[in-house]
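Descriptive structure summary
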Amino acid sequence: MIKFPKNFYWGSATSAHQVEGGNVNDWSEWEKKNAERLARESKNKWQPWQQERFPEMFNPKNYISGRACDHYHLYEQDFDIAKKLGHNAHRFSIEWSRIEPEQGKFNEAEIEHYRKVILALKKRGIEPFVTLWHWTNPLWIRDIGGWENKKTIEYFLRYTRKIIENYSDLVKFWTPLNEPGTYIGLSYIKGTQPPGIKNIFRANKVFGNIIIAYRTTYKLIHSFRKDAQVGVSHYTTYRIPLGNFFWNGLLIKFLDYITSGRFIKRIKNNIDFLGIQYYRPEFVKLKLGGQWAWILDKPDIAPKDSLANDLSWGISPEGMYKVLKRITKYKLPIYITECGLADAADVNRGEFIKKHLFWLSRAMNGGVNVRGFFYWSLLDNFEFVEVRGFWPRFGLVEVNYKTLERKIRPSALQYAKICKTNELIL
Ligand code: BGC
C-alpha cells in the first residue's frame, strides 16, 4: 500500500476545443478543409488491426470536431461525474475564440459562461487549473499570421488581462500555454496540424514569440494575484536508445534539450511549477534520411511491461520516474498535468494508471516534489495531436457521440478509489 500526501491534487484534464463543441477557430476551419484527405490517408497511416477495430477513421466526419462532447452545455453533469469519482482538481482550457471572436470585441456572455464553469467546479470542491491557450486561435489571429506575428503576443496579453480581471479571485493555478513544444513541432515543422507549415525558420520565430508571451503573461497574472501559481504544461518523454551506439545517447541528450531543456531554461525565472505531460517512451536511433527519419518510435519493441494502446504507442510507467528524476533538478513543484491511455475497450487503463502512480510515488519517495496528478482525459474527446479525431478514446468516461450519453468506465472507478483514499493498493 502506498500513501500519498494529504493535500495531493487528484483529477483529470480536458481542453476546450476537444470537448466543448461548436467552436469556430483556426482548427475548426482547417478540419473542414482536410477531413477528406485525412480519412483517405488513414489507410497508410494505421496498422491493419487498427483499421479493422476503428473503421470510423475512414469517415471524414471523424476529423470534424463539430459538437464534440457538447461539454459546453453539459459541464455541470460532467463535473458531477468528476466529483462522484473523487476528483478534487480539474484542468481545463478557456477558448480564446469564444472570449474574443473579433479583434478587440469581447463577448460578455462567454466571459459569464466560463465564470459559471469555474464556480461549478468550486461548488463541488474541485480546484480549477486553468489553461489559457490549448493550441487553438481565433480566426482573426490566424489571419494576421498566428504566432509568427509579433502582434499576437500583444493580443494574447490583452486576452489574458481580460481573463485575469474576471477570474483571478476564483483561480489560483494557471497554465498559460499547453505543450508549446508539441504545437511548434507538429504545426510548424512536421506540418500535420493547423496551420500545416513545414519550415524550421518559421517554427523558430513562433518559439521566440511564445517564450515572450509566456514570460509576460506570468508577470501579468502575478500583478493581479500575488499567490497565483503559474506554470507551463510541458511534453516529456523517456527516450530509449535503440542499439548501444554512443551517437544514440548524444541524440537523446540533444532531443531532451531541444524539446524540454531549452524551453524551461528560457522561462526559468518566471515559473512557479512545472506541468509534466507524460504519455509514453520514444525509441530513438540515429538514421540519416528523411526529415523525421532520425527518430524512430517502434511500439513493437516497447518494454516488457508494456500494455496495449490503441494508437500503438509504447508504454513505460518507469519512464515517468526517469523523467521526474531528470526534471527535479529545476527544484520546482511538479504537477502531472496530463497522462493517459487510448484504450477503447478499457482493458488496460486501470493498470496503466496504477503503474504510473507506483513509479510516481517512487520518485516522490526519492525527494521529487510532485503535488498532483491529472489523468488525460475525463471524457473521450476529439483527439487533437495531428488531428486524429474521435476514434482514439482516452476517457475515464465513455461518450456516445450519437446520443451524447456518458458512461463511467470500470478504470474510472479504480482511479476513483485512489483519489478518494489517497492510497494506492497494487
Ligand atoms: C495534448 C492533448 C492530447 C493528448 C493526447 C497532449 O499532448 O495536450 O490535447 O489530446 O496529448 O494525444
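Before any of the text, the structure's been laid out above.
As a starting point, this report considers the structure included with it.

Rules used in this analysis
Counting from 1, residues in each chain are numbered in the order their sequence is written. A pLDDT threshold of at least 70 governs which residues receive local features in this predicted model, and a stricter bar of 80 or more applies before side-chain atom pairs are shown or counted, although totals over entire chains, interfaces and linings include all residues. Side-chain descriptors were evaluated using all non-hydrogen atoms of the structure, hydrogens and water having been removed beforehand. Any pair of Phe, Tyr and Trp rings, taking the six-membered ring for Trp, is counted once the centres come within 6.5 Å. Such a pair is stacked with planes under 30 degrees apart, edge-to-face with planes over 60 apart, and tilted for the rest. Helix and strand definitions here come from DSSP, where helices need a minimum of 4 consecutive H or I residues and strands a minimum of 2 consecutive E residues; each element is numbered from the N-terminal end. Throughout, exposure labels follow a simple rule: accessible area from a 1.4 Å probe, protein chains only, divided by the maximum for the residue type, with under 20% read as buried, over 50% as exposed, and the rest as partly exposed. The patches described consist of residues with a relative accessible area above 30% and no salt bridge, like charges being joined within 9 Å and nonpolar side chains (Val, Leu, Ile, Met, Phe, Trp, Tyr) within 5 Å. Surface accessibility in these figures is a Shrake-Rupley result with a 1.4 Å probe; residues are shielded only by whichever protein chains are displayed. What makes a salt bridge here is a side-chain nitrogen of Lys or Arg within 4 Å of a carboxyl oxygen of Asp or Glu, nothing more. When DSSP finds two or more bridges between two strands, those strands count as paired. By the criterion used throughout, a crossover qualifies as right-handed when its path from the first strand across the helix to the second strand runs clockwise, the strands pointing away from the viewer. Using only the protein atoms, space was sampled on a 1 Å grid; points where a 1.4 Å probe fits but cannot get out form cavities, open sets with protein on both sides within 12 Å along at least five of seven lines form pockets, and lining residues are those with an atom within 4 Å of a point. Grid points are joined across faces, edges and corners, and a volume is the space filled by probe spheres set on the points. When residues are grouped by polarity, Ala, Val, Leu, Ile, Met, Phe, Trp, Tyr, Cys and Pro land in nonpolar, Asp, Glu, Lys and Arg in charged, and all others, Gly among them, in polar. Neighbouring residues are identified by heavy atoms, a residue being near a molecule or strand if any of them is within 4 Å of it. Whenever two N or O atoms come within 3.5 Å, that pair is a polar contact, provided that in protein one can donate a hydrogen and the other can accept it, and provided that, for residues adjacent in sequence, both atoms are side-chain atoms.

1. A look at the packing of aromatic side chains
Per the stated rule, a full pass over the model turns up 38 aromatic pairs. Their ring planes at 40 degrees and their centres at 6.3 Å tell us that W135 and Y183 sit as a pair that is tilted. Taken together, the positions of W135 in the loop between β4 (127-133) and α7 (139-143) and Y183 in helix α9 (residues 180-189) put the pair 48 residues apart, joining distant regions of the chain. The residues W135 and Y183 share a single accessibility class, namely buried. Each member of the aromatic cluster is reached from another via a ring pair, and the members are W27, W96, W133, W135, W140, W147, Y155, F156, Y159, Y183, Y188 and F384.

2. Structural notes on a nonpolar patch on the surface
Together, F245, F246, W247, L250 and L286 make up an exposed nonpolar region whose accessible area comes to about 540 Å². Secondary-structure assignment places F245 in the loop between β6 (229-241) and α11 (246-267).

3. Things to note about the pairing of strand β9 (residues 370-376)
Counting buried positions over the seven residues of β9 gives six, a clear majority of the element. Bridging between strand β2 (residues 9-13) and β9 involves five bridges; their strand directions are parallel. What sits directly across from A13, in β9, is W376. Note: strand β8 (residues 334-338) against β9, three bridges, orientation parallel. Following the sheet pairing, I336 is matched in β9 by F373. Following the backbone out of β8, through helix α13 (residues 349-365) and into the adjacent parallel β9, one traces a crossover that is right-handed.

4. What to know about the layout of surface pockets
Put simply, the second largest pocket is a space of about 460 Å³. Forming the boundary of the second largest pocket are 15 residues, of which E56, K61, F390, Y401 and K402 lie nearest the centre. Considered class by class, the residues forming the lining of the second largest pocket number five nonpolar, five polar and five charged.

5. Details of the site of the ligand
Not every one of the 13 residues close to the ligand is listed here, only the nearest: Q18, H134, N178, E179 and E383. Residue H134 places a side-chain N or O atom 2.9 Å away from an oxygen atom belonging to the ligand. The separation between an oxygen atom of the ligand and a polar side-chain atom of E179 is 2.8 Å. Summarising the interface, the protein chains cover 98% of the accessible area of the ligand, which totals 310 Å² for the free molecule. Looking at the shell around the ligand residue by residue, the classes come out as six nonpolar, four polar and three charged.

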